[in-house]
Amino acid sequence: MRTAALEAPRRFAVVSRPLPVAGPGEVLIRTAATAVCHTDLGIYTGEHPGLRYPVVLGHESTGTIETAGDGVTGFKPGDPVIINPIISCGHCDSCRRNAPHLCRNAGLFGREVDGSLSEFVCLPVRYVHALPEQMSLADATLIETLATVRHAQERLGIAKGESVVVLGMGTTGLLHARLASLRGANPVIAISRSQWKLDMATRMGAHHALATGAEKAVNEVQRLTGGDGADVVIDTVGGDATLKAGIDMLRPGGRLSPYAVSHACCPTFSTFPLYFKEISIIGSRALGPADMEPSIALVASGNIDVAGFVSATYPLAKTAEAFEEYERNPGRVLRIVIDGRTD
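Below you will find a few notes about this structure. (Residues numbered from 1 in each chain as written. Predicted model: local features only at pLDDT ≥ 70, side-chain atom pairs only at ≥ 80, totals over all residues. Heavy atoms only, no water.)

1. Digging into the overall build of the protein chain
Each helix and strand counted, the protein chain has ten helices and 17 strands in total. A compact globule built from 343 residues would reach a C-alpha radius of gyration of about 20 Å, and the protein chain, at 20 Å, matches this within 12%. The buried share of the protein chain, taken over its 343 residues, is 52%. For the protein chain, the proportion of contacts with a sequence separation of at least 24, taken over those separated by at least 6, is 71%. (Helix = DSSP H or I, 4+ residues; strand = E, 2+ residues; numbered from the N terminus. Rg over C-alpha atoms; globule rule 2.2 N^0.38 Å. Buried < 20%, exposed > 50% of the residue type's maximum accessible area, 1.4 Å probe, protein only. Contact = heavy atoms within 4.5 Å.)

Structure below.
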């Protein structure tokens, strides 16, 4: 089979590897589509210290069952599936608490474990979820991202009638705005410097769209919430400025989700607002075992439309070109998809 291996930062090679064989409890999947996200871009550019090369990227992926190993039930060849990329050990204290996404020995499919930028992948069946027959496998790659959004909002406990601000209207920000709207949040306030993304947010249910940076939107958020401040702020951008602005936007007793993953320190951060406004900062990591099936149902029902998120599609043989395009134009891309074709 053909595999796109990242041999060093910004250096892909399409190589030949042996076709894996599904063992007991495993399935062999013919890869249909892999979406490239910001995490992949960071791995590509070398921002993940300690990464061992070569590595096969790809964790937002769909495909069809090729073969099933002994003991596998519920799947047959040709069935469309999506992969849960959070690989866990199954025996640490987090796994025993049914929190495998917090596994002490966890790895990400496509980082610590070779991922889906390959014609075939082999995984234990517990990481595989069935998809409806009629669903586009390219569009369905967004379901994994939606599951991480759902996980964050479940932890936030967004209630009907609460005001929710979403900072940043990339893929995750758009999905946060849509899911908050479905939960009955009102108003949902979308903030981005990109008008085309704000237009998309409005179509997805945001009540207000502010074309500005987060730090300049604080007063308008206060006005739109009747002077109270927001119940919830979700930061999909990350960094010093959005953290401070998000805290400033919150009402006393509000909740902040620092959803964006960032290793950067925030030198202007002070704990005083946490004390004075009694703010809760609620983290979320990836997705839990209960998040994937409801996310599939949200897309299958049409409540969340993931069509239109794919900005471009490349064959596996042109993986390098796909990543080069993403790095050149990250602000113009929601998702690039690499399909299982080699040319």
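Having seen the model, we can carry on.
2. Quick look at helix H10 (residues 319-328)
Listed in full, the buried residues belonging to H10 are Thr319, Ala322, Phe323 and Tyr326. The buried side chains of H10 occupy one side of the element, clustering within an arc of 90° when seen end-on. Tucked inside the fold, the buried residues of H10 contact strand S1 (2-8), strand S2 (11-16), strand S3 (26-36), helix H1 (38-44), strand S16 (310-314) and strand S17 (335-339). (Arc of directions from axis to C-beta.)

3. Section: the environment of alanine 4
Among the structural elements, alanine 4 can be located in strand S1. Considered as a pair, alanine 4 and leucine 123 are 119 residues apart in the sequence and their alpha carbons are 18 Å apart. Non-local contacts of alanine 4, meaning those with residues more than four positions away in its chain, are made with Phe12, Ala13, Val14, Val55, Val56, Leu117, Leu316 and Thr319.

4. Thoughts on the sheet that holds strand S10 (residues 164-167)
If you trace the six strands from one edge of the open sheet to the other, you get S12-S11-S10-S13-S14-S15, paired in parallel fashion. Both edges of this open sheet fall to strand S12 (208-211) and strand S15 (280-281), since each of them pairs with a single strand only. Against the sheet, helix H3 (residues 142-156) makes contact with strand S13 (230-235) and strand S14 (250-257), and its axis sits at roughly 150° relative to S14, the strand it touches most. (Pairing = 2+ DSSP bridges. Axes fitted to C-alpha atoms, helices over the stretch in contact; angles between N-to-C directions.)

5. Some remarks on the pairing of strand S5 (residues 80-83)
The alternating pattern of S5 places Pro80 and Ile82 and Val81 and Ile83 on opposite faces, both of which are buried. Examined bridge by bridge, strand S4 (residues 60-68) and S5 share three bridges and lie antiparallel to one another. Bridge assignment links threonine 64 to a residue of S5, and that residue is proline 80.

6. What to know about unusual backbone geometry
Backbone torsion omega between tyrosine 53 and proline 54 reads -5°, so that peptide bond is classified as cis. Relative to the assigned elements, proline 54 resides in the loop between H1 and S4. Here the bond from asparagine 186 into proline 187 is cis, since omega is 5°, no more than 30 degrees from zero. Phi at arginine 10 takes a positive value of approximately 65°, unusual for a residue other than glycine. If you trace the backbone, arginine 10 turns up in the loop between S1 and S2. Exposure remark for arginine 10: the relative accessible area of 47% places this residue in the partly exposed category. Notably, glutamate 278 is not glycine yet its phi reads approximately 50°, a positive angle. Tracing the backbone shows glutamate 278 in the loop between helix H8 (272-276) and S15.

7. Regarding the packing of aromatic side chains
This model, assessed by the stated rule, comprises five aromatic pairs. Both rings, one in phenylalanine 12 and one in tyrosine 44, keep their centres 5.8 Å apart while their planes meet at 15°; by these two values the pair is stacked. Of the two residues, phenylalanine 12 is situated in strand S2 and tyrosine 44 in helix H1; the sequence distance between them amounts to 32 residues. In terms of burial, phenylalanine 12 and tyrosine 44 fall into one category: buried. An aromatic cluster is defined as three or more aromatic residues linked by ring pairs; in this entry it consists of Phe12, Tyr44 and Phe323. (Phe/Tyr/Trp six-rings, centres within 6.5 Å; stacked < 30°, edge-to-face > 60°.)

None of this, on its own, says anything about what the molecule does.
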